[in-house]
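# Summary of the model geometry
What follows is the residue order along each chain.
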Amino acid sequence: MKYARITGTGFYVPPKVVTNLDLEKIYDTSDEWITERSGIKERHFIDWETKEEGPSDLAVPAVQMALQNAGYTFDEMDLCIFATLSPDAYFPGSGCFLQAKISPESTVPMLDVRMQCSGFLYAMSIAEMYIKFGRYQKILLVGAEVQSTTIDFSNEGRTVGVLFGDGAGAAVVEATEEPVGILSTHLYTQGKYAESLWVPEPTTKRRPKVSSDMKGLYPYMNGREVFKHAVTRMTEAIWEACKHQNWSPEEVNVFLIHQANARIIEAIAKQLNQPMSKFFINIHKYGNTTAATVPICMHEALSEGFMKQGDKVIVATFGSGFTWGSAALIW
Ligand code: COA
């Protein structure tokens, strides 16, 4: 059996920075409230007034960076998995649009994953299995989101509206004989909480599919419920990954936790009795970029020297679904 190692990462965020002070002009909110409750100071939004950009557009530079860092072209990939909750179109998947933009004559299979903030982790797990069992040798993973166009900018939307940002990340996973890379993945879903964090419309359940008076076009979130489950489930998943590898949390060098709220990460660190210095944090710059968060964290943790080759790394995510899980890696 082979091992599945990440050999190149990349990321991209649109240039428009939206600070908490900018949001004070839209919502009845304050920099102090947002910073204290979430740790977020700013996020990036696409500039929808000047051009149309979907997650597949944001993915292009992220993918180019990851491919360059791994030393491959797009056409050398055996498979590409695209994780997003904000697809360019109702169908087909954003992977198809990405492929057309990056290599129009390519026939590399493109697989879209719709597992929200856990989307990139699910993509890692699929890549792990395809590579470990020898089906594919090189797989490109993408997480990309445009959420700013679905945010409610009326005051009703302020709880969700201050938390999310746009961005993209990518990683190349390759087969190796060495016992390193993605050692295990542990995935969970509990659909009974689907309506605790969701965008109800448009829906296929009724006609017309879309109308201007629809209230459900904006995300709804039960913040407290999400918070509670996120802490409990990610802590459980981290323990599971550690036990599976026979690692104690003390032995883990780096924790890459989904950046939904700095307080969620602090609560997990406390439950594991581990110092915050082992937890990578970039939520202050990007907010929650859902499926793009993990690959953006990977890229920045590496380029900032926070994470290096040989490190024992635990990734954990939680998101709408509810979906959650973890991965254990030797980087
Ligand atoms: N600015 C100012 N006040 C706000 C606000 C905002 N943007 N959003 C909500 N409030 C108000 C509420 O109306 C409430 O006021 P009230 O006490 O007068 O009713 C007060 O702040 C407290 O709201 P509450 O929802 O209890 O705050 P909280 O401490 O739970 O923090 C979240 C809210 C959303 C930051 C927090 O619940 C959270 O982070 N949840 C998880 C979110 C998440 O991770 N989502 C993505 C998962 S992948």
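Refer to the structure above for everything that follows.
Before going into details, it helps to say that this report is about the structure given with it. (Residues numbered from 1 in each chain as written. Predicted model: local features only at pLDDT ≥ 70, side-chain atom pairs only at ≥ 80, totals over all residues. Heavy atoms only, no water.)

## Thoughts on the overall build of the chain
Note the threshold: Helical segments are the DSSP runs of H or I of at least four residues, strand segments are the runs of E of at least two, and each set is numbered from the N terminus. In this treatment the radius of gyration is a C-alpha quantity, and the globule benchmark scales as 2.2 Å times the residue count to the 0.38 power. A simple rule labels every residue: compare its accessible area, found with a 1.4 Å probe on the protein chains alone, to the largest value its type can have, and call it buried under 20%, exposed over 50%, or partly exposed in between. Contact definition: two residues touch when any of their heavy atoms are within 4.5 Å. Working definition of accessibility: Shrake-Rupley area with a 1.4 Å probe, residue cover restricted to the visible protein chains. Counted as positive: Lys and Arg. Counted as negative: Asp and Glu. His and the chain ends are not counted at all. By convention, the charge on Lys lies at NZ, on Arg at CZ, on Asp at CG and on Glu at CD.
Across its full length, the chain holds 10 helices and 13 strands. Rg of the C-alpha trace for the chain: 19 Å, near the compact-globule value of 20 Å for 331 residues, within the 12% margin. Oriented by its inertia axes, the alpha-carbon framework of the chain measures out at about 55 × 50 × 35 Å. In the chain, buried positions account for 56% of the 331 residues. In the chain, the proportion of contacts linking residues at least 24 apart, taken out of those at least 6 apart, comes to 77%. For the chain, the computed accessible surface area is about 14400 Å², with 51% contributed by carbon and sulfur atoms. The positive charge centre, built from 30 side chains, and the negative charge centre, built from 38, are 6 Å apart in the chain.

## Details of the pattern of salt bridges
Using the following cut-off: Any Lys or Arg side-chain nitrogen found within 4 Å of a carboxyl oxygen on Asp or Glu counts as a salt bridge.
Per the counting criterion, the structure on display carries 14 salt bridges. R5 is the salt-bridge partner of E178, the closest N and O atoms lying 3.5 Å from each other. With E178 in the loop between strand 7 (167-176) and strand 8 (181-189) and R5 in strand 1 (residues 3-12), this residue pair connects regions lying 173 residues apart in the sequence. On the basis of relative accessibility, which here comes to 43%, the residue E178 falls in the partly exposed class.

None of the figures reported here should be taken as evidence of function without further support.
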